Amino acid sequence: MALTTIEVVSFGYLHGTPPEATVVLDLRRHFRDPHVDPALREQTAHDLPVRQAVLATPGIRELIAGTALLADAYDAGPTAAPLIIAVGCAGGRHRAATVAMALARRLAKTGATVRLTHRDLGKPVVDR
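Values in this document were obtained by computation on a predicted structure and should not be read as measured data. (Residues numbered from 1 in each chain as written. Predicted model: local features only at pLDDT ≥ 70, side-chain atom pairs only at ≥ 80, totals over all residues. Heavy atoms only, no water.)

Draft legend 1. How the structure looks around the side chain of H94. With respect to the helices, strands and loops of the structure, H94 is situated in the loop between β3 (83-89) and α4 (95-108). A distance of 3.0 Å separates the side chain of H94 from the backbone oxygen of L40, its partner in a polar contact. Excluding residues that lie within four positions of it along the chain, H94 makes contacts with D33, P34, H35, L40, R41, Q43, A45, V50 and V54. (Helix = DSSP H or I, 4+ residues; strand = E, 2+ residues; numbered from the N terminus. Polar contact = N/O pair within 3.5 Å; in protein donor to acceptor, adjacent residues only side chain to side chain. Contact = heavy atoms within 4.5 Å.)

As structure tokens, this is what we get:
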């Protein structure tokens, strides 16, 4: 493995500038937001119903698998350097955090050293 570490960071665009990253996944426009469901609005990716809703969204599992393949491509490069994958949605509490968790778990299974950070998961719900 050429990569020393893979950092996966979830964040919300409504809470500020995206973190500096090698790869940024923007989930805002292509994947439905659980925030619109009043039963899920105050919950986060730490709650099973949120994770189930996000992971059941068409295309999400393929995005996670594709991003893992993208990490493999970076790993094939000749330079040992950290890879930072930032995953963003509107508030950072539902889609981004769930995808970041699933991606980090998948990458860790390959033997990579993975650090997962949720920049905005604990911040208040943002109503747009």
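There is more to say after this.
Draft legend 2. Structural context of the nonpolar core. Residues I6, V8, I85, V87 and L107 are the most contacted members of the largest nonpolar core, which totals 26 residues. Looking at this core, the elements with two or more residues in it are β1 (6-12), β2 (23-26), α2 (48-55), α3 (60-75), β3 and α4. It is α4 that provides the largest number of residues to this core, a total of 7 residues. Apart from the residues lying within four places of it in its own chain, the contact partners of L107 are I6, V8, A68, A71, I85, A112 and V114. (Core = buried A, V, L, I, M, F, W, Y, C linked by side-chain atoms within 4.5 Å. Buried < 20%, exposed > 50% of the residue type's maximum accessible area, 1.4 Å probe, protein only.)

Draft legend 3. Structural context of the pattern of salt bridges. Counted under the stated rule, the structure contains 6 salt bridges. A salt bridge links R28 to D26, with the shortest nitrogen-to-oxygen separation between them at 2.7 Å. For R28, a relative accessible area of 31% puts it in the partly exposed group. Judged by relative accessible area, D26 falls into the partly exposed class, the value being 27%. (Salt bridge = Lys/Arg side-chain N within 4 Å of Asp/Glu carboxyl O.)

Draft legend 4. Just the packing of α3 against α4, in detail. The geometry of α3 relative to α4 is characterised by a closest axis approach of 10 Å and an angle of 45° between their N-to-C directions. Regarding the angle of α3 to α4, the classification is oblique. The handedness of the crossing between α3 and α4 comes out as right-handed. On the side of α3, the interface is formed by I60, I64, A65, T67, A68 and A71, while α4 contributes V99, A102, L103, R106 and L107. (Axes fitted to C-alpha atoms, helices over the stretch in contact; angles between N-to-C directions. Parallel < 35°, antiparallel > 145°, perpendicular 65-115°, else oblique. Left-handed = near helix turned anticlockwise from the far one by under 90°.)

Draft legend 5. Looking closely at the packing of aromatic side chains. Within the structure shown, the criterion is met by 1 aromatic pair. R28 extends its terminal NZ or CZ atom over the ring of Y13, reaching a point 3.5 Å from the ring centre. (Phe/Tyr/Trp six-rings, centres within 6.5 Å; stacked < 30°, edge-to-face > 60°. Lys NZ or Arg CZ within 6 Å of the ring centre and 35° of its normal.)

Draft legend 6. Molecular detail of α3. Here α3 contains 16 residues, and its C-alpha end-to-end distance of 23 Å stays within 8% of the 22 Å for a straight helix at 1.5 Å per residue. Listed as buried for α3 are I60, I64, T67, A68, A71 and D75. Projected down its long axis, α3 shows its buried positions confined to an angular sector of 105°, all on one face. Residues of α3 that are exposed and point more than 90 degrees away from the buried face comprise E62 and L69. Each element contacted by the buried residues of α3 is listed here: β1, β2, α2, β3 and α4. (Expected span 1.5 Å × (residues − 1). Arc of directions from axis to C-beta.)

Draft legend 7. The arrangement of α2 in detail. Of the positions making up α2, those classed as buried are V50, V54 and L55. On an axial view of α2, the arc spanned by its buried residues comes to 120°, and they lie on one face. The inward-facing, buried residues of α2 abut α1 (38-41), α3 and α4.

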